[in-house]
Amino acid sequence: MKPNRSIPASTVIPVLIYPDVREAVAWLGAAFGFVERVRIGEDHRAQLAYGDGAVIVGDVRHDRRPPRPGEVTHSVTVRVENARAHCERARGHGARIVMEPTDFEYGERQYAAEDLAGHQWTFSETLADVAPEEWGGTSVATG
């Protein structure tokens with residue numbers, strides 16, 4: 001892929017809709033550790049980075065809106081170094097913790113949180129390199 005400084009380098013970039021883009025950027029930075037890399041208009045869009053990943057925060061307009069209360073349509077997974085510490089940081093900034101840090105047989109410690117607009121996030125810390133076949137999964141493709 002050709003590089004372009006106007007878009008994150010990540011191959012997959014979720015776009016999440018928030019009622020107030022600036023408030024979302026500040027909150028996602030404080031609670032989850034995202035860093036703003038590009039601002040588009042004052043309250044239209046922002047590109048955020050976390051490690052080598054990215055997410056775009058978009059404003060409400062036309063048919064774009066944040067999730068409705070009590071409805072989960074998606075979850076974004078972010079890999080972190082320390083899920084327990086990350087969870088406490090998020091909780092301290094008002095994230096609703098949906099699942100406390102839990103160790104899973106597939107080698108990950110994960111917790112789930114809901115942000116200020118109702119988006120669901122899963123944060124995952126790798127504990128061990130485990131083959132999918134060891135916990136009931138099936139390796140289909142490599143890469």
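Everything that follows concerns the structure shown earlier in this document.
Residues numbered from 1 in each chain as written. Predicted model: local features only at pLDDT ≥ 70, side-chain atom pairs only at ≥ 80, totals over all residues. Heavy atoms only, no water.

Chemist: Teacher, can you tell me more about the pattern of salt bridges here?
Modeler: Any two side chains of opposite charge can pair, given that their charged atoms come close. By the definition in use, this model includes ten salt bridges. Its salt-bridge partner being Arg64, residue Asp59 comes within 2.5 Å of it at the nearest N-O pair. Here Asp59 falls in the buried class, since its relative accessible area comes to 8%. Among the charged side chains, a salt-bridge network with shared partners connects Arg22, Glu36 and Arg39. (Salt bridge = Lys/Arg side-chain N within 4 Å of Asp/Glu carboxyl O. Buried < 20%, exposed > 50% of the residue type's maximum accessible area, 1.4 Å probe, protein only.)

Chemist: What am I meant to see in the sheet that holds strand β2 (residues 35-40) here?
Modeler: Across a sheet, paired strands are connected by hydrogen bonds in the backbone, their directions being either parallel or antiparallel. Strand order in the open sheet made by the four strands is β1-β4-β3-β2, with mixed pairing throughout. The open sheet is flanked by β1 (15-18) and β2, the only strands paired with a single partner. Going across the sheet, the axis of each strand differs from the next one's by a mean of 25°, ignoring polarity. Direction of pairing for β2 relative to strand β3 (residues 45-50): antiparallel, over a ladder of five bridges. Looking at the pairing, Ile40 lines up with Arg45 of β3. (Pairing = 2+ DSSP bridges. Helix = DSSP H or I, 4+ residues; strand = E, 2+ residues; numbered from the N terminus. Axes fitted to C-alpha atoms, helices over the stretch in contact; angles between N-to-C directions.)

Chemist: What is the right way to look at helix α2 (residues 83-92) in this model?
Modeler: Side chains that are three or four residues apart share a direction in an α-helix, a result of its 3.6 residues per turn. Among all positions in α2, only Ala83, His86, Cys87 and Ala90 are buried. One side of α2 holds all its buried residues, which, seen down the axis, span an arc of 100°. Among the structural elements, α1 (21-32), β3, β6 (96-103), β7 (108-114) and β8 (120-126) are those in contact with the buried residues of α2. With a side-chain oxygen positioned 3.2 Å from the backbone nitrogen of Arg84, the residue opening α2 is Asn82. (Arc of directions from axis to C-beta. Contact = heavy atoms within 4.5 Å. Polar contact = N/O pair within 3.5 Å; in protein donor to acceptor, adjacent residues only side chain to side chain.)

Chemist: Whenever I open this one, the nonpolar core confuses me. Can you help?
Modeler: Counting 27 residues, the largest nonpolar core has Tyr18, Leu28, Phe32, Phe34, Tyr111 and Trp121 as its most contacted members. Taken together, the elements giving at least two residues each to this core come down to β1, α1, β3, β4 (53-59), β5 (75-79), α2, β7 and β8. Here this core takes seven residues from α1, the largest share from any one element. Setting aside its immediate chain neighbours within four residues, Leu28 contacts Tyr18, Gly33, Phe34, Leu48, Val57, Asp115 and Trp121. (Core = buried A, V, L, I, M, F, W, Y, C linked by side-chain atoms within 4.5 Å.)

Chemist: Can you help me understand α1 in this one?
Modeler: Over its twelve residues, α1 extends 16 Å from the first C-alpha to the last, a length consistent with the 16 Å expected when each residue adds 1.5 Å. With nine of its twelve residues buried, α1 lies for the most part within the structure. All of the buried residues along α1 are Val21, Arg22, Ala24, Val25, Trp27, Leu28, Gly29, Ala31 and Phe32. After α1 finishes, the residue Gly33 shows a positive phi value of roughly 90°. (Expected span 1.5 Å × (residues − 1).)

Chemist: Any chance you could explain the environment of Trp135 here in plain terms?
Modeler: You can see Trp135 is positioned in the segment after β8. Sequence separation between Trp135 and Glu105 is 30 residues; the distance between their C-alpha atoms is 6.2 Å. Setting aside anything within four residues of it in sequence, one finds Trp135 in contact with Glu105, Tyr106 and Val130.

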